[in-house]
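As a plain string of letters, each chain reads:
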Amino acid sequence: MARNTDLKILTGLLTLLTTAAMMVSPSLRAQARDKMAPAKRIAIRAGRLIDGKSDTAITNALILVEGDQIVSVTPGGSAPAGVETIDLSKATVLPGLIDTHTHVLLNGDITAEDYDAQLLKQSIPYRAILAARNAAIGLQNGFTTIRDLETEGAMYADVDVKKAIAAGEVPGPRMQVATRAMTPTGMYPLLGYSWELQVPKGVQYVDGADGARKAVREQISFGADWIKYYSDRGYHFEADGVLHSMVNFTDEEAKAIVDETHLLGKKVAAHCIGSDGIAAALRAGVDTVEHGDGLTEPLMDEMVRKGVYWVPTITVGAYVAPGRGGNWTKMVDTEKAAFQKALKKNVKIAMGTDVGGFDWKEINGAKEFGYYVDYGMTPMQSIRTGTVVAAELLGWSDRVGTVEKGKWADMVAVSGDPLGDITELQRVKFVMKGGVVYRNEVNQTHQ
């Protein structure tokens, strides 16, 4: 009797499994077929190609894409028979743009009230929904890769956004994320509320070398690709004319953050605006200096010696200065002078906007390229800050940053010539990421 009962149960289970398999949605079955099918091949005819390597644009180039990778780039050349062709013969094609300083979970913070309202009145799930929207905006603007430098109180939601994009659930750039930034207790908003209230914090409070190491381990265990910390605050000018600041961490604490991060195979970004904060970050051994308005020539020389990247984020500084007042307007001019000196000293400058500090819907992050040209770069140098140099900063030089064989098929196109008018990058008309076209307002695809 027991054997008959077991047989009936087994038969019932098999019937249920068979029925479930038959009920799988057509879209899921289609996805399974797609995974088994040969990689799709696409040929792109580029009227001009800025490949990220050459000093000049290549005319009439043929780029062959297979699946998510570029398999060949040929001046002239003919598309293989039967391969889908995208005609960009009247456009300029470039590598997908890279922004190395973003905040997808933030939507503008000129004032403390702007910032506080988001942390106090918006749930983390709601902010994550807006973050997915912001990522899609970034992709439409031509940014196929971003480094998101902290969630501003939204815990590890950037990891979730990154995962959803990677899984194809929502459109957006490839992401490296920093999760929760760090400061010592009491040195980052929200501040000024009654001590009786437990209000959200925009960062993770970290104290002591042991606490620093634990925080690094925790953040990396939850998915951080980078560790970010706030090296300074309280930016002010002194009699020497230099932009100074109050340093947050002790040298022992900052070095513990950096050493532990490097031990675990990750890199460190330091928010440092004043010269004192920058000097402290360089002593600690950070990999990137964020903002850096108060850079002095000796600090620039140290960055060159150590191979540290500078991410200037000029767009956000110029945007928030009028609303913040105080030293902020003068800081914009200070950073311009620093940029021009750093350019002559060959400091490694990577493009970063700090978007989120300004509303994603309000300003196209590609505006940053224009500032670099205005401050003394050639258009080609400016483009490289957001392609090949940014890829080096991310450690992804083997994947992104140039249009060449073996790289991911991440490309954008504009109608005009950005080498003549850098603002063309604010008018991207074509976006491909991983061989998938997300925007095409140039010409029709044909067989």
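You'll find the structure just up there.
In short, a report on the structure. (Residues numbered from 1 in each chain as written. Predicted model: local features only at pLDDT ≥ 70, side-chain atom pairs only at ≥ 80, totals over all residues. Heavy atoms only, no water.)

## What about the overall build of the protein chain?
When its secondary structure is counted, the protein chain shows 14 helices and 20 strands. Relative to the 2.2 N^0.38 estimate, which gives 22 Å for 447 residues, the radius of gyration of the protein chain is 24 Å and therefore close to what a compact globule would have. In terms of overall dimensions, the protein chain has C-alpha extents of about 85 × 70 × 35 Å along its principal axes. Out of the 447 residues belonging to the protein chain, those deemed buried represent 51%. Considering only contacts in the protein chain between residues 6 or more positions apart, those separated by 24 or more positions represent 68%. For the protein chain, the separation between the mean place of its 48 positive charges and that of its 54 negative charges on side chains is 7 Å. (Helix = DSSP H or I, 4+ residues; strand = E, 2+ residues; numbered from the N terminus. Rg over C-alpha atoms; globule rule 2.2 N^0.38 Å. Buried < 20%, exposed > 50% of the residue type's maximum accessible area, 1.4 Å probe, protein only. Contact = heavy atoms within 4.5 Å. Lys, Arg positive; Asp, Glu negative; His and termini not counted. Charge placed at Lys NZ, Arg CZ, Asp CG, Glu CD.)

## Notes on the packing of helix α10 (residues 314–324) against helix α12 (residues 367–374)
When two helices pack together, their arrangement is given by the angle between their axes and by how far apart the axes lie. Contact geometry for α10 and α12: axes closest at 8 Å, N-to-C directions at 95°. Relative to α12, α10 is oriented roughly perpendicular. Each of Ile 314, Thr 315 and Ala 318 in α10 lies in contact with α12, whose residues at this interface are Lys 367, Glu 368, Tyr 371 and Tyr 372. Residues of the contact of α10 with α12, tallied by class, amount to four nonpolar, one polar and two charged. (Axes fitted to C-alpha atoms, helices over the stretch in contact; angles between N-to-C directions. Parallel < 35°, antiparallel > 145°, perpendicular 65-115°, else oblique. Nonpolar A, V, L, I, M, F, W, Y, C, P; charged D, E, K, R; others polar.)

## As for unusual backbone geometry
Of note, the bond from Pro 189 into Leu 190 is cis; its omega dihedral lies within 30 degrees of zero at 10°. Residue placement: Leu 190 occurs in the loop between β8 (182–183) and β9 (204–205). Here the phi dihedral of His 291 falls at roughly 80°; this positive angle occurs in a residue that is not glycine. Within the secondary structure, His 291 is located in strand β14 (residues 288–291). The phi angle at Thr 313 is positive, at roughly 50°, despite the residue not being glycine. Here Thr 313 shows up in the loop between β15 (309–311) and α10.

## Topic: the packing of aromatic side chains
Taken as a whole and assessed by the stated rule, the structure comprises eleven aromatic pairs. Consider the rings of Tyr 156 and Phe 222, whose centres lie 4.9 Å apart with planes at 45°: the pair is tilted. With a gap of 66 residues between them, Tyr 156 in the loop between β6 (143–148) and α5 (157–166) and Phe 222 in the loop between α6 (208–221) and β10 (226–230) connect regions that are remote in the sequence. For Tyr 156, a relative accessible area of 14% puts it in the buried group. Its relative accessible area of 48% is what places Phe 222 among the partly exposed residues. (Phe/Tyr/Trp six-rings, centres within 6.5 Å; stacked < 30°, edge-to-face > 60°.)

## Describing the nonpolar core
Counting residues in hydrophobic clusters, the biggest one holds 84 residues, and the most contacted among them are Met 182, Tyr 229 and Trp 310. It is helix α11 (residues 328–344) that contributes the most residues to this core, seven residues altogether. Residues within four places of Tyr 229 in sequence aside, it is in contact with Met 182, Phe 249, Ala 254, Ile 257, Val 258, Val 268, Ala 269, Ala 270, His 271, Ala 281, Ala 284 and Val 286. (Core = buried A, V, L, I, M, F, W, Y, C linked by side-chain atoms within 4.5 Å.)

## What about helix α3 (residues 112–121)?
Residues Tyr 115, Asp 116, Gln 118 and Leu 119 constitute the buried set of α3. For α3, the angular spread of buried residues about the axis comes to 160°, placing them on one side. Turned more than 90 degrees away from the buried face of α3 sit Glu 113 and Lys 121, all of them exposed. Where α3 is buried, its residues touch α4 (124–140). (Arc of directions from axis to C-beta.)

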